[in-house]
Every structure is written in structure tokens, then in C-alpha cells.
Amino acid sequence: MTVDEFVDRLDGLTQGIQTSPEGNMWQYAIERIVEDLRTELAGTQLATTLGYRIEGSLVGILAADYLMYQNYGVAGAVDNRKGARPDEFADGRLHQYGTRKPPVDVFARYTDDRSEQFAIATNIYKFGIRPKGWFTRQELEDQYVAYVEEFITNELLRA
């Protein structure tokens, strides 16, 4: 079951139900997922960039742009020996830079030496990035559904 299907099934249940003062079920669920991701990414700069946005029943996780590249890996122009995985959030293709190198300015946070920035960009362009595998789309969807169910059980049905 996808999150959208779950939302549709809950639509009738949540009509007219007052949520707890701590917030609504969408916020509860996405806050828990972001907390879980922060724990998973502890010790990385990425952990500090995580956030979320809620617009009605639509929720989204906010993070630094390079989270997806780190999580799924990048296929290099020369080879994919580092094992980049298909990007589950796009169209099943591997992230790759094709005929262009990644922008060197992205690596300024790691080193002030411009020649090192160029070396990092060239290495990623040629050989890619090994995937970290912190999460999959399905895992996030399953967690979200579980947290919404937990909220309903603990907050809405408790009264």
C-alpha cells in the first residue's frame, strides 16, 4: 500500500476528529521519520540539514541536495565499480554526470584548496560514489504509515 492509498483510506476516518494539542497525525509521522533519519545520519553534516514541510496531507522531507547522491551513489563516467544503485525517487536510472563533472564549488565545504576540489570532482566524475544505503523509498513509506497508525491508536482512539 502506498502512502497516497493510505491517506485515501484515512480520509473518512479523520473527518471531524480533533487531534491532540501536540499536533496532527501528519506532523507526528513526519517528525518521527526525520528523527529516525537524523539518528541514522548521526555524525554527518547531512543530519543537521534535515527538516520537513507539510502542506495539507502532503508531506516532504527537506535535506541537502547531495543526500540522494550519498544514499544511492553515483555511477561514474568510466565505470560503476562502486556500485551505484538505481535512484528509487526518479525513473530507475543511475545518477551520473554524463559528459560534465560535478561543480567544484560543492566541495568547498570539505577543503579550501581549489586543486583538491578539482581532484574530488574529477574522481567522482570518473568513478562515482559508493552508495551509503541509509534508506529506501519503500522503507520511508512503510515507516510513515506505521507512525500514522501509531498516532491514530495512541491519540485519536484513546479518547
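Please refer to the structure placed before this passage.
Residues numbered from 1 in each chain as written. Predicted model: local features only at pLDDT ≥ 70, side-chain atom pairs only at ≥ 80, totals over all residues. Heavy atoms only, no water.

(A) Geometry of helix α2 (residues 25-40). With 16 residues, α2 extends 23 Å from end C-alpha to end C-alpha; this agrees with the ideal 22 Å at 1.5 Å per step. Taken together, the buried positions of α2 are occupied by M25, W26, A29, I30, I33, V34 and L37. Buried residues of α2, viewed axially, fall in a sector of 165°; they line one side. (Helix = DSSP H or I, 4+ residues; strand = E, 2+ residues; numbered from the N terminus. Expected span 1.5 Å × (residues − 1). Buried < 20%, exposed > 50% of the residue type's maximum accessible area, 1.4 Å probe, protein only. Arc of directions from axis to C-beta.)

(B) Examining helix α6 (residues 137-156) more closely. Counted at 1.5 Å a residue, the expected span for α6 with its 20 residues is 28 Å, and the 27 Å between its end C-alpha atoms agrees. Of the positions making up α6, those classed as buried are L140, E141, Y144, V145, Y147, V148, F151, I152 and L156. Looking straight down α6, one finds its buried side chains confined to an arc of 160°; they lie on one side.

(C) Highlighting the environment of Q143. Mapped onto the elements of the fold, Q143 is located in helix α6. Residues Q143 and R32, 111 residues apart in the sequence, show an inter-C-alpha distance of 8.8 Å. Excluding residues that lie within four positions of it along the chain, Q143 makes contacts with I33 and D36. (Contact = heavy atoms within 4.5 Å.)

(D) Expanded view of the pattern of salt bridges. Within this structure, the stated rule accounts for 4 salt bridges. The partner of E150 in a salt bridge is R32, and the shortest N-O contact between them spans 2.6 Å. Taken together, the residues span a long stretch of sequence, with E150 in helix α6 and R32 in helix α2 at a distance of 118 residues. Between D105 and R114 there is a salt bridge whose closest N-O contact spans 2.8 Å. For R114, a relative accessible area of 41% gives the class partly exposed. (Salt bridge = Lys/Arg side-chain N within 4 Å of Asp/Glu carboxyl O.)

(E) Region of interest: the packing of aromatic side chains. If you walk through the whole model with that rule in mind, you get 3 aromatic pairs. Residues Y28 and F151 carry aromatic rings whose centres are separated by 5.3 Å and whose planes lie at 45° to one another, so their mutual orientation is tilted. Of this pair, Y28 sits in helix α2 while F151 sits in helix α6, and the two are 123 residues apart along the sequence. Plain terms: the ring middles of Y72 and F135 are 6.2 Å apart, the flat faces sit at 80° to each other, and that makes the pair edge-to-face. Pair noted here: Y72 is in helix α4 (residues 67-72) and F135 is in the loop between β4 (128-129) and α6, with a separation of 63 residues, a long-range link. (Phe/Tyr/Trp six-rings, centres within 6.5 Å; stacked < 30°, edge-to-face > 60°.)

Scope: geometric values only; no functional claims are made or implied.
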